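The lines below spell out each chain.
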Amino acid sequence: MIKALMYHDIRDYSNSKYLNRYELKSFMTINQFKDKLKYLKKNYNIISTSDIPNVIGSKDKHAVLTFDDGLLDHYYVAEILNDMGLSGTFLIPTQAVRDRIIMNVHKIQFLLASIDEKELVKRILNLTPKDIPNKHLWERYSVSQWKDNWWTPEMVFVTNFLRYYDKGDITDRLFSNIITTDDAGFCDDFYLNEKQVHEMVSAGHEIGGHGFLSSPLTAIRDQENDIIQSLDYVRKFYKGDIVFSYPNGKYNKDTLKILKKYNCKYAYTTVKENVDNNTSMLEIPRYDAPQDLIL
């Protein structure tokens, strides 16, 4: 039996001015992570992504640790794993790590953590062209796609609207006005840099792709170009079998064809299931570790 586990932010955030963000269920403190890691090491064999074909179908319990978004947190996570003799699979977004450009999803998250949700909705609608009535926009974007949704309608609207309707102009204006105009400085405090990625590979960790933009691939006009840039960037650091994770879990048949075409061997989804003999290696399911791994 194999469980693949997905992590994002792992940091101590008691002094953060973005406390509302880090208190969300998706994030963990360092001590919470260490506690769960001890549990996993005791109850599972921790393996790398490339080990999956070798143990699939085994009666033993195995777990794969994956980390999305190329966060600075993961550099310190890698050190924790090193100390425990474990390895992880770190999925990095090209534009954020290489070009120091903030991922759109993170701009949205920090906006939600910095201003009242209802006030943020008002500001968004005030910046929106009036060709579509606000009521229609609200009805379309305030409904969650997730069955286990625990967000407020305002959080859902802000996230969906800025991801799928806005072309970046509204998000960028709000982020500059509310958070910072120093994108490069923000990236240095939030994302991995290339030197750190090289160190992680040297320590025995897997590096994979998380898209060029790390935006939902099904919403990108030229997803092939996005994937090519992501995979080529990964190959700059890592010479093993290429791993990918679908940003926001979004992909389609075209995505699978593109990954096969460019020799990507493994890809992670956000479907919550165990890995078994019927699992496609380009559709590997993952549990959200902070929410689904209950000790």
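Just so we're clear, the structure is a prediction, and the values are computed from it rather than from any experiment.

Calculation notes
Within each chain, residue numbers correspond to sequence positions counted from 1 in written order. Local features in this predicted model are restricted to residues of pLDDT 70 or higher, and side-chain atom pairs are both shown and tallied only at a pLDDT of 80 or more, whereas totals for entire chains, interfaces and linings draw on every residue. Calculated side-chain values reflect all of the structure's heavy atoms, with hydrogen atoms and water omitted. Strands here are runs of E lasting at least two residues and helices are runs of H or I lasting at least four, both read from the DSSP assignment and numbered beginning at the N terminus. Here the globule rule is a power law, 2.2 Å times the number of residues to the power 0.38, and the radius of gyration is based on C-alpha atoms. Relative accessibility thresholds used throughout: buried, under 20% of the residue-type maximum; exposed, over 50%; partly exposed, between the two (1.4 Å probe, protein chains only). We call two residues in contact whenever any of their non-hydrogen atoms come within 4.5 Å of each other. Every accessible area reported is derived by Shrake-Rupley at a probe size of 1.4 Å, with residue values counting cover from the shown protein chains alone. None of His or the chain ends enter the tally, which takes Lys and Arg as positive and Asp and Glu as negative. Every charge is mapped onto a representative atom, which is NZ of Lys, CZ of Arg, CG of Asp or CD of Glu. In this analysis, axes come from line fits to C-alpha atoms, helices being fitted only over the stretch in contact, and the angle between any two N-to-C directions falls in the range 0 to 180 degrees. For any pair of crossing helices, the crossing counts as left-handed if the nearer helix is rotated counterclockwise from the farther one by less than a right angle, and right-handed if it is rotated clockwise. Throughout this entry, Asp, Glu, Lys and Arg are counted as charged residues, while Ala, Val, Leu, Ile, Met, Phe, Trp, Tyr, Cys and Pro are counted as nonpolar. The remaining residues, Gly among them, count as polar. The salt bridge criterion pairs a side-chain nitrogen of Lys or Arg with a carboxyl oxygen of Asp or Glu, the two atoms within 4 Å. Strands qualify as paired when DSSP identifies two bridges or more between them. Crossover handedness is defined by viewing with both strands directed away from the observer: a clockwise path from the first strand over the helix to the second marks the crossover as right-handed. By nonpolar core we mean a set of buried residues, namely Ala, Val, Leu, Ile, Met, Phe, Trp, Tyr and Cys, connected to one another through side-chain atoms within 4.5 Å.

Helix and strand content of the protein chain: 15 helices and 8 strands. In summary, the protein chain has a C-alpha radius of gyration of 19 Å against a globular reference of 19 Å for 295 residues, a match within 12%. By its C-alpha atoms, the protein chain is 55 × 45 × 35 Å across when sized along the principal axes. Split into buried and exposed, the 295 residues of the protein chain put 51% on the buried side. Long-range pairs, those at least 24 residues apart, make up 68% of the contacts in the protein chain with a sequence separation of at least 6. Of the roughly 14,000 Å² of accessible surface on the protein chain, a fraction of 46% belongs to carbon and sulfur atoms. A distance of 3 Å separates the average location of the 38 positive side-chain charges in the protein chain from that of its 40 negative side-chain charges.

What follows concerns the packing of helix α13 (residues 223-237) against helix α14 (residues 253-261). Running from N to C, α13 and α14 point in directions that differ by 40 degrees, and their axes come no closer than 10 Å. Where α13 crosses over α14, the handedness of that crossing is right-handed. Only D254, T255, I258, L259 and K261 of α14 make contact with α13, whose side of the interface consists of Q223, E224, I227 and L231. Partitioned by chemical class, the residues of the contact of α13 with α14 number 4 nonpolar, 2 polar and 3 charged.

Tallied over the entire structure, the rule returns 13 salt bridges. Ionic pairing is found between D172 and K107, a salt bridge with its closest N-O pair at 2.8 Å. With D172 in helix α10 (residues 169-178) and K107 in helix α6 (residues 104-114), the pair connects residues that are 65 residues apart, well separated along the chain. Assessed through its relative accessible area of 7%, K107 is described here as buried. Close ionic contact of E194 with K236 constitutes a salt bridge, the shortest N to O distance being 3.1 Å. Residue E194 is found in helix α12 (residues 194-202), and its partner K236 is found in helix α13; the two are separated by 42 residues along the sequence. Residue classification places E194 among the partly exposed positions, given a relative accessible area of 23%. A relative accessible area of 43% means that K236 is categorised as partly exposed.

Within strand β7 (residues 264-268), 4 of the 5 residues are buried, which leaves the element mostly enclosed by the surrounding structure. By the bridge criterion, 4 bridges tie strand β6 (residues 242-245) to β7 in an arrangement that is parallel. Following the sheet pairing, I242 is matched in β7 by C264. In the classification by handedness, the crossover that spans β6, the intervening α14 and the parallel β7 is right-handed.

Take the nonpolar core next. Counting 45 residues, the largest nonpolar core has Y7 and F33 as the members making the most contacts within it. Aside from chain neighbours lying at most four places away, what touches Y7 is M28, F33, L40, L65, T66, F67, D68, A289, P290 and L293. In this structure, I102, I124, L174 and Y191 belong to the second largest nonpolar core, which totals 34 residues.

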